[in-house]
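Structural description and commentary
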Amino acid sequence: QNMQSETMPSDDDDAQTQDKLTQAQLTAIENEIKSSQPLTSQLLPISALLHQYSTTAANEQQQSAGFIQSAQFLSTKYTSLRRVRGDGNCYYRAFLYSLCEH
């Protein structure tokens, strides 16, 4: 009986293995996002935002109406936009870009 308890994995070992698998999966997802999405885009005309929300599916049209109104308002204040990768640091990156560009 003592021999069996020494060779069987404990709950701590199972948890550590699961943690390693989870971390590996998160790293793989992060690497995929990094390879497919740039940190920032080139400057785009504000009309790109209008185009994005005006070409949505019909069932989403009602939801998009508010976004279209907001984008039209933004177009009166701004001429361009820069898309930023949403990775947890996007707010800081966008804020620093706005400081440097204006």
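Residues numbered from 1 in each chain as written. Predicted model: local features only at pLDDT ≥ 70, side-chain atom pairs only at ≥ 80, totals over all residues. Heavy atoms only, no water.

**Here we look at the packing of aromatic side chains**
As a reminder, the rule being used: Whether two aromatic rings pair depends on their centres lying within 6.5 Å, for rings of Phe, Tyr and Trp, where Trp uses its six-membered ring; planes under 30 degrees apart make the pair stacked, over 60 edge-to-face, and the rest tilted. Burial classification: accessible surface area is computed with a 1.4 Å probe over protein chains only, and a residue below 20% of its type maximum counts as buried, one above 50% as exposed, and the rest as partly exposed. The numbering of helices and of strands both runs from the N terminus, where a helix is a DSSP run of H or I of at least 4 residues and a strand a run of E of at least 2.
Tallied over the full model, the rule gives 2 aromatic pairs. When the ring of Tyr 91 is compared with that of Tyr 92, the centres are 5.4 Å apart and the planes differ by 80°; the resulting orientation is edge-to-face. Residue classification places Tyr 92 among the exposed positions, given a relative accessible area of 53%. Plain terms: the ring middles of Tyr 91 and Phe 95 are 6.1 Å apart, the flat faces sit at 15° to each other, and that makes the pair stacked. One end of the pair is Tyr 91 and the other is Phe 95, both in helix H5 (residues 90–101) and 4 residues apart, which spans about a single turn. Here Tyr 91 falls in the exposed class, since its relative accessible area comes to 57%. A network of ring pairs unites the aromatic residues Tyr 91, Tyr 92 and Phe 95 as a single cluster.

**A closer look at the confidence of the model for the chain**
As a reminder of what qualifies: Residue-level confidence of the predictor is summarised by pLDDT, bounded by 0 at the bottom and 100 at the top.
Of the residues in the chain, 83% reach a pLDDT of 70 or more, and the chain-wide mean stands at 82. Here helix H1 (residues 2–7) stands out as the element of the chain with the lowest mean pLDDT, 54, in contrast to strand E1 (residues 44–45), whose mean of 92 is the highest.

**Looking at the side chain of Ser 41**
We apply this condition: Counted as a polar contact is a pair of N or O atoms within 3.5 Å, where, for protein atoms, one must be capable of donating a hydrogen and the other of accepting one, and residues adjacent in sequence contribute only when both atoms are in side chains.
Within the secondary structure, Ser 41 sits in the loop between helix H2 (11–36) and E1. A relative accessible area of 18% means that Ser 41 is categorised as buried. A polar side-chain atom of Ser 41 sits 2.8 Å from the main-chain amide nitrogen of Arg 83.

**Section: a nonpolar patch on the surface**
Under the convention used in this document: Candidate patch residues must exceed 30% relative accessible area and have no salt bridge, after which like charges are joined if within 9 Å and Val, Leu, Ile, Met, Phe, Trp or Tyr side chains if within 5 Å. The Shrake-Rupley method, run with a 1.4 Å probe, gives the accessible areas here. Residue values count only the displayed protein chains as cover. Just to be clear on terms, a salt bridge is a Lys or Arg side-chain nitrogen sitting within 4 Å of an Asp or Glu carboxyl oxygen.
A surface patch of nonpolar side chains, about 590 Å² in accessible area, is lined by Tyr 91, Tyr 92, Phe 95, Leu 96 and Leu 99. Assignment of secondary structure puts Leu 96 in helix H5.

**A word on a negative patch on the surface**
So the rule is basically this: Here the positive residues are Lys and Arg and the negative ones are Asp and Glu; neither His nor the chain ends is included. Charge coordinates come from a single atom per side chain, which is NZ of Lys, CZ of Arg, CG of Asp or CD of Glu.
Side chains of Asp 11, Asp 12, Asp 13 and Asp 14 sit close together on the surface and give a patch of like negative charge. For Asp 11, a relative accessible area of 66% corresponds to the exposed category.

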